[in-house]
Amino acid sequence: MAFEEEVKNLEKEFFEEINNVKSISELDELKIRYLGRKGKIRKLFSDLSELPLEDKKEAGNILNSLKNRITISIEEAEAKILEENKYFKNTNFFDYSIPGNRFEIGHIHPLSLIVDELYFIFRSLNFKIIDGYEIEDNYHNFEALNISKWHPARKMQDSFYIDEDHLLRTHTSPVQIRAMETLKPPLRVVTIGGRCYRRDAQDATHTPVFHQIEGLVVDRDVNLSDLSWILKEMMKGIFGKEIDVKFIPSYFPFVEPGAETLISCPFCLSEGCNVCSNSGWIELGGSGMVHPQVFRNVGIDPDKFKGFAFGWGIERLAMIKYGINDIRLFFENDKEFLRQF
Amino acid sequence: MILAYNFLKEILKEYTPSLDELTNKLINIGFEVEDLIKHPLNDIITVRAKNVEKIESLNNLYKVEVTDGENTITVVTSWEKIKIGGIYTYASPNTLILGKTLEKKQFGDVISDGMLLSFKELSLNPDFLSAVEREGIMELPDDTPIGHNFYELFNLSAPLLNLKVPFNRSDCYSFLGILREIGAAFSISIPQEIKNKPNFIYPSFNSSKIKRETAKKDFKGVKILNKEGCPYYSCTIINNISVNRSPYEIRKSLFSFGIRPINNVVDIANLIMYFYGQPLHTFDLNNIGGREIIVRTSNDTEELNAIDGKTYPLTEEDLVIADDLHPIALAGIIGGRDSEIKNNSKCVLIEAAFFNPLYINRTSERLNINTDASIRYSRIVDRTRTKELALMATNLIATICNGTILGEILEYGSDEYKPQKIDFSIGDFKKVTGIELSKYTATHIMSKLEIPFEIKSQDYLTIKVPPFRENDIKETVDIIEDILRFVGYDKITPKASPFYVKYEDENYNYKVKNKLRNLLIGLGFSEVVTDSFVKDEEISLIYGNDINNLLRVKNPIKSGLSFLSPDKIIGFFSVIQHNINRKHTDLKFFEIGKHYMKYSEEEFLDIILSGNRNIENWLEKPLKVDFYYGKGIIESLFIRFNVPYKEKKNINSKIFDTDESVDFFIDNSNIGSFGKVNKNIRNYYDINQDIFYATIKLSFISKYILQIPKFTPIPQTQEIVRDIALVVDDIVKVGDIIDKIKSLANSSLTNITLFDVYKGDNIPEGKKSVALRLNFNFGLNKTSEQIQKTLDEIINNVCYTFSAKLRK
């Protein structure tokens, strides 16, 4: 068949030509001549239409196959020429300053970096690191923590409900409740980086999803001084220097006395800067002595045992430590953001 | 809760702490100052209009002559409601108003020497004003003294402190409660008459002027059908009232609390509430059907048209105040429109009650109504003062509205309060706080807080909980906290905790994650953290109607965002979109986190890759990520941790391309998948590059990751390497060949590498050539003949099994 022959000739012609090609510019010319818009292959494709219908398909396949082989040969020839043209093949000067073959190393998310640090701090303080479920029941998330059904504090922690009795936990406290239910006191436990949910509108300091660190110590003879010491150790571990911890009274149903925890600003050393809004202090979150009712709820005798607890956002710590001004950046995962950690 | 600094000054006089001292102290005793509301201190003078004339030559302008008591000043205004005798605020030329300096101005032949001001020009919070006052020139009550600085006159020259009251402190939702705390904090005695002198609210009050009649109005009385919800209800009736604007003195007090004036009836009720914490409700008795009040629970056929303009559907949980037929108020929360006091109301019924906080909380939460009344009732009010305050309000309203009190107060139920007794040992304080406490300090603080106590012994007190602290003092720790607030939280000093408990076990879950994380960053992957919530639309894109097993919240933060993600692909796409929009197209990310189903939450390692494999480089051209590149990463990870995985064709996946995807198994459990994300999903997100996604259940691989290595001696003999090339049918799977060789060779095979797959010249149609490198180590005890024989056997067996030909 005439068409098949034409294809064969073209193939032969091409492979003869390509063997003589010596440079990239010659190769480009060859490429245009065969594969270009007005090239030989395109011409044959247009000739296809003149063939009888029954032959069209087969001829098309043959032509496509040739086109592929030509494409591959051109690519191979290009690689070969480039290889031969490589700088090192043509010089005796060794340039040590040419950048080496670099590759990209990944980055650990800043929230994980804080989790890592907390993990080692609390291991060294001999805490047991515990996890729990994100889907909780009302009892463990609220009632056991002395937040009764119509307690106004429930409004403060506006929750996502799955059904009547199940919700996405609003804090990691249910993990501590379950620990107290199952482990015998004395105990020292901490949850690090547990995901929590609150129906807060999103802004620079709030996201509906966030992560908490929450610690609990139950023992015969512990008080707010011990809490203060543990927190100081924790801050020393995170910020790598002595940080002052102070408390102001605050109300949380599950601790009494309850406190808002503040740390001296690690940036200005309490001189006043924009991180601490010139107050010298930064608010972290709640802490205090475990409420006796919480102990009674989990079957611990409040006359025999005392306990303290503390909890706040990992995001908050990361924002302070790294000077991040918007909590939403953690969840946006911009490469330029991640690259910095 | 608003606290006016000037108002405090009027009471504490020379003992008033400075603003800074006050603010700091309040924070240190548990009252956060949320903000300081400050007003400009311009010299704005109150004046009376003496004469008003329309300026003929100009449209809508009036020439007004005003007096400050001494001088007469001419100003021009466009406010058509301006009237002779009205009291207004006046600014003279050169005063700075809203950032602009006022100048004399000529209108026609009249020169305006300054101007009369609107609330905006006074920089007042619109919440302070009634609707009428918000428009146009601010008109003050008729008895407002003229010739005075406006801001001083209304107690606005010093800031208002907006205090955040802790939930448990119902008593501090009143001025008196805050005052008690300030007294205790600064050791200042609070004048006792503040507690019950109506003159304190309205200095012109004179009890001899109150008009009373014993004659009863045709009021049938009150029936309490739900005693649990309403233990106590009292009411008084005042007839022939004239509803009007409140006098200046009342107005001044309202401003001090940041309350919006409404009328002289409601204003008094509000002031009593802000002062003493007891909410009162005022009804127009003539609009109470059947002239009777029934306190009962509602039902779901009823509703209330409330004074906030909304209609609330009711249920049998709601406690209502009803007339003979319909609810006229939600008890302790909000009143109804029909019975509210209007300008033409003639007879007022004043309600003072004690409602059960449970009912108030339940209803106000369900209907999402927070009013001044509900905030207080939901935290318990001091019922021992309800009657007394009802009478005070009645006397004040009767005086100010010029009405006649009809009969005596009507009381139903009981306002009895039985104080709880709590034993408190001084030594307990140190056990909780670590701070030494003296009996003197303890009793001093108790006295200042008006908490009665008896000294039982040297170290023991018995405390009687006062009614205004019923809500929050329940046991010893509550006393400890109260004392600590005044001793000072800053006295808590750090003390090293001895470790009484020893935990040997680590958190293995954490260890697994840490190992994976470190490995993956080495491979160039960055860790991401994505939201758990995904859009309903995204879920239906992937899961269609197959959503019954997915986890969904009933009350999403916004509609269409109710699902928790059963995979990470959706979260990853938002990361991909974000980065591609920012022109970052080479993406390698992973996340270790939970996938959510209706009945489970499980931890996964999820990986995404797209774009170029490596950064652009002069040594090698950047290659695109493809199926085998990605799969290789997952395989390498498995091999690194000795995970005994198997693979199968991925079927029935909603995420992957039907060809380019694979499932991983251990025994019969599916441990994860890898593949190219199907085009449908990609197109939905408008992404034009291939995306590869892997998802692996952590629980299945963690035991291998945690496996402690067991050393086996390094072989002393040399490895034997054999290259073989097999020609097989195209449809034979290379994986099957490799598996077969592995199973035949047992432990002597140390490695197997596929180094070429080829189709084309010299290979027959429909066949392919598979080239494998086999590394063996047979140990010491085999001769070369035996080895050759074993190799031949393996190769023959493979050739037979796969109808393969050995290629020479």
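Conventions we followed
Residues numbered from 1 in each chain as written. Chains lettered and ligands numbered in written order. Predicted model: local features only at pLDDT ≥ 70, side-chain atom pairs only at ≥ 80, totals over all residues. Helix = DSSP H or I, 4+ residues; strand = E, 2+ residues; numbered from the N terminus. Rg over C-alpha atoms; globule rule 2.2 N^0.38 Å. Buried ≥ 20, exposed ≤ 12 C-beta atoms within 10 Å, placed from the backbone. Contact = placed C-beta atoms within 7 Å. Pairing = 2+ DSSP bridges. Core = buried A, V, L, I, M, F, W, Y, C linked by C-beta atoms within 7 Å. Axes fitted to C-alpha atoms, helices over the stretch in contact; angles between N-to-C directions. Parallel < 35°, antiparallel > 145°, perpendicular 65-115°, else oblique. Nonpolar A, V, L, I, M, F, W, Y, C, P; charged D, E, K, R; others polar. Expected span 1.5 Å × (residues − 1). pLDDT = per-residue confidence, 0-100.

Even after reading the chapter, I still don't get the overall build of chain B, so can you show me in this structure?
Counting secondary structure elements, chain B contains 21 helices and 41 strands. Taken over C-alpha atoms, the radius of gyration comes to 41 Å for chain B, far larger than the 28 Å a tight globule of 808 residues would show. Put simply, chain B has 808 residues, and 39% of those count as buried. Sequence separation of at least 24 residues holds for 69% of the intrachain contacts in chain B that already meet a minimum separation of 6.

In this structure, what is going on with the overall build of chain A? I would like to understand it.
Helix and strand content of chain A: 13 helices and nine strands. Relative to the globule expectation of 20 Å for 341 residues, the C-alpha radius of gyration of chain A, 35 Å, shows a markedly less compact shape. Oriented by its inertia axes, the alpha-carbon framework of chain A measures out at about 105 × 60 × 35 Å. The buried share of chain A, taken over its 341 residues, is 40%. Taking as baseline every contact in chain A between residues at least 6 positions apart, the subset at least 24 positions apart corresponds to 66%.

What is the right way to look at the interface of chain A and chain B in this model?
When the parts of a complex come together, some accessible area is lost, and that lost area is often used as the size of the interface. Taken together, the 65 residues of chain A in the interface contact 72 residues of chain B. The greatest single-element share of the side of chain A that touches chain B, amounting to seven residues, is contributed by helix α9 (residues 224-239) of chain A.

Explanation requested: the sheet that holds strand β18 (residues 292-297) of chain B in the structure shown.
Working definition: the strands of a sheet are paired by backbone hydrogen bonds and lie parallel or antiparallel to each other. Residues and elements named next belong to chain B. Strand order across the open sheet formed by five strands is β15-β18-β21-β22-β23, with mixed pairing between neighbours. Lying at the two open borders of the sheet, with one neighbouring strand each, are β15 (221-224) and β23 (334-335). Judged from the two bridges that link them, strand β22 (residues 327-330) and β23 form a sheet pairing that is antiparallel. Paired with L330 across the strands is I334, a residue of β23.

Sorry, what's going on with the pairing of strand β27 (residues 453-457) of chain B here?
Regular strands place side chains that alternate from one sheet face to the opposite one. Residues and elements named next belong to chain B. Within β27, only zero of the five residues are buried, which leaves the element largely exposed. The pairing of β27 with strand β28 (residues 460-464) spans four bridges and is antiparallel. What sits directly across from F453, in β28, is I463. What sits between the antiparallel neighbours β27 and β28 is a turn of two residues.

I'm lost on the nonpolar core in this one. Help?
Among soluble globular proteins, nonpolar side chains are generally buried collectively. Residue and element names in this part refer to chain B. Grouped together as the largest cluster of nonpolar side chains are 264 residues, with contacts concentrated most on I268, I272, A331, V348, A393 and I397. Tallying contributions element by element places helix α7 (residues 264-276) first for this core, with ten residues. Excluding residues that lie within four positions of it along the chain, I268 makes contacts with I250, A393, L396, I397 and I400. Of all hydrophobic cores here, the second largest spans eleven residues; its members include L726, V728, F778 and I794.

Whenever I open this one, the environment of B:Y274 confuses me. Can you help?
Residue and element names in this part refer to chain B. Its location among the elements puts Y274 in helix α7. Taking the C-alpha atoms as reference, Y274 lies 39 Å from T72; in sequence the two are 202 residues apart. Excluding its chain neighbours within four sequence positions, the residues that come into contact with Y274 are S174, F175, F257 and I259.

Is there a simple way to think about the environment of B:I426 in this case?
Residues and elements named next belong to chain B. By the element assignment, I426 lies in helix α11 (residues 426-433). Measuring from C-alpha to C-alpha, the distance between I426 and N688 comes to 73 Å, with 262 residues separating the pair along the chain. Not counting the four nearest positions on each side in its chain, I426 is found in contact with L437, K439, A442 and D459.

Would you explain the pairing of strand β33 (residues 600-610) of chain B in this entry?
Residue and element names in this part refer to chain B. Across eleven bridges, the pairing between strand β32 (residues 587-597) and β33 is antiparallel. Paired with F589 across the strands is I608, a residue of β33. From the end of β32 to the start of β33, which pair antiparallel, there are two residues. One ladder, built from seven bridges, connects β33 with strand β37 (residues 691-697); its direction is antiparallel. Residue pairing across strands places S610 opposite I691, the latter belonging to β37.

Where do I start with the sheet that holds strand β26 (residues 421-425) of chain B in this structure?
Residues and elements named next belong to chain B. Across the sheet, three strands lie side by side as β26-β28-β27; this open sheet has antiparallel pairing. In this open sheet, the two edge strands, each paired with only one partner strand, are β26 and β27. Averaged over all pairs of adjacent strands, the angle between their axes in this sheet comes to 25 degrees, without regard to strand direction.

Got a minute to help me understand the packing of α11(B) against helix α13 (residues 476-487) of chain B in this structure?
Relative placement of two packed helices is described by the angle separating their axes and the distance separating the axes. All names here are of chain B. For the pair α11 and α13, interaxial distance at closest approach is 10 Å and the crossing angle is 80 degrees. Judged on the interaxial angle alone, α13 and α11 are roughly perpendicular. Here α11 contributes D428, F429, V432 and T433 to the contact with α13, which in turn contributes T476, V477, I480, I483 and L484. By residue class, the composition of the contact of α11 with α13 is six nonpolar, two polar and one charged.

I tried to follow unusual backbone geometry on my own but got confused; where do I start?
Across residues other than glycine, the phi torsion is negative in most instances, and most of the peptide bonds are trans. In this structure, the amide linkage connecting A:P185 to the following residue, A:P186, adopts the cis form with an omega of 0 degrees. Tracing the sequence through the fold places A:P186 in the loop between α8 (173-182) and β4 (187-197). The linkage connecting A:E256 with the following residue, A:P257, adopts the cis geometry, with an omega of -5 degrees. One non-glycine residue with positive phi stands out, namely B:N94, at about 80 degrees. Judged by C-beta crowding, with 11 C-beta atoms within 10 Å, B:N94 ranks as exposed. The phi dihedral of B:N240 is positive, around 55 degrees, even though this residue is not glycine. Mapped onto the secondary structure, B:N240 falls in the loop between β16 (232-239) and α6 (248-257).

Where do I start with the environment of A:F254 in this structure?
Residue and element names in this part refer to chain A. Within the secondary structure, F254 sits in the loop between β6 (245-249) and β7 (255-264). Accessibility expressed as a C-beta count within 10 Å gives 24 for F254, which makes it buried. Taking C-alpha positions, F254 is 8.6 Å from G288, a pair spaced 34 residues apart along the chain. The residues touching F254, leaving out its near neighbours within four places in the chain, are L145, N146, S173, V290, H291 and V294.

Looking at this structure, I do not really get helix α10 (residues 386-400) of chain B. What am I missing?
Residues three or four positions apart in an α-helix share a direction because the helix packs 3.6 residues into each turn. Residues and elements named next belong to chain B. Between the first and last C-alpha of α10 there are 21 Å, a value that for 15 residues agrees with the 21 Å anticipated at 1.5 Å per step. With twelve of 15 residues buried, α10 is to be regarded as a mostly interior element. Buried residues of α10: T386, L389, A390, M392, A393, T394, N395, L396, I397, A398, T399 and I400, and no others.

Would you take a moment to explain helix α11 (residues 314-322) of chain A for this structure?
Residues and elements named next belong to chain A. Most of α11 sits out of view: seven of its nine residues are buried. Buried within α11 are the following residues: I314, E315, R316, L317, A318, M319 and I320. Remark: G323 follows α11 within two positions and exhibits a positive phi of approximately 70 degrees.

What should I look at first to understand the packing of helix α3 (residues 40-48) of chain A against helix α4 (residues 53-85) of chain A in this one?
Residue and element names in this part refer to chain A. At a minimum axis distance of 10 Å, the contact between α3 and α4 shows a crossing angle of 170 degrees. Between α3 and α4, the crossing angle belongs to the class labelled roughly antiparallel. Residue-level contacts link I41, L44, F45 and L48 of α3 to K56, A59, G60, L63, K67 and I70 of α4. Counted by class, the contact of α3 with α4 contains seven nonpolar, one polar and two charged residues.

Which parts of the structure should I look at to understand the confidence of the model for chain A?
Detailed reading of the predicted coordinates is not advisable wherever pLDDT is low. Overall, the predicted model of chain A reaches an average pLDDT of 89, with 98% of residues at or above 70. The weakest mean pLDDT in chain A belongs to helix α7 (residues 153-156) of chain A at 67; the strongest belongs to helix α10 (residues 292-297) of chain A at 97.

When you look at the confidence of the model for chain B in this model, what are you seeing that I'm missing?
Residues and elements named next belong to chain B. When pLDDT is averaged along chain B, the result is 91, and 98% of the positions lie at 70 or above. The lowest-confidence element of chain B is helix α3 (residues 131-134), averaging 65 in pLDDT; the highest-confidence one is strand β29 (residues 526-527), averaging 98. For this predicted complex, the interface score ipTM comes out at 0.86, while the overall pTM is 0.85.

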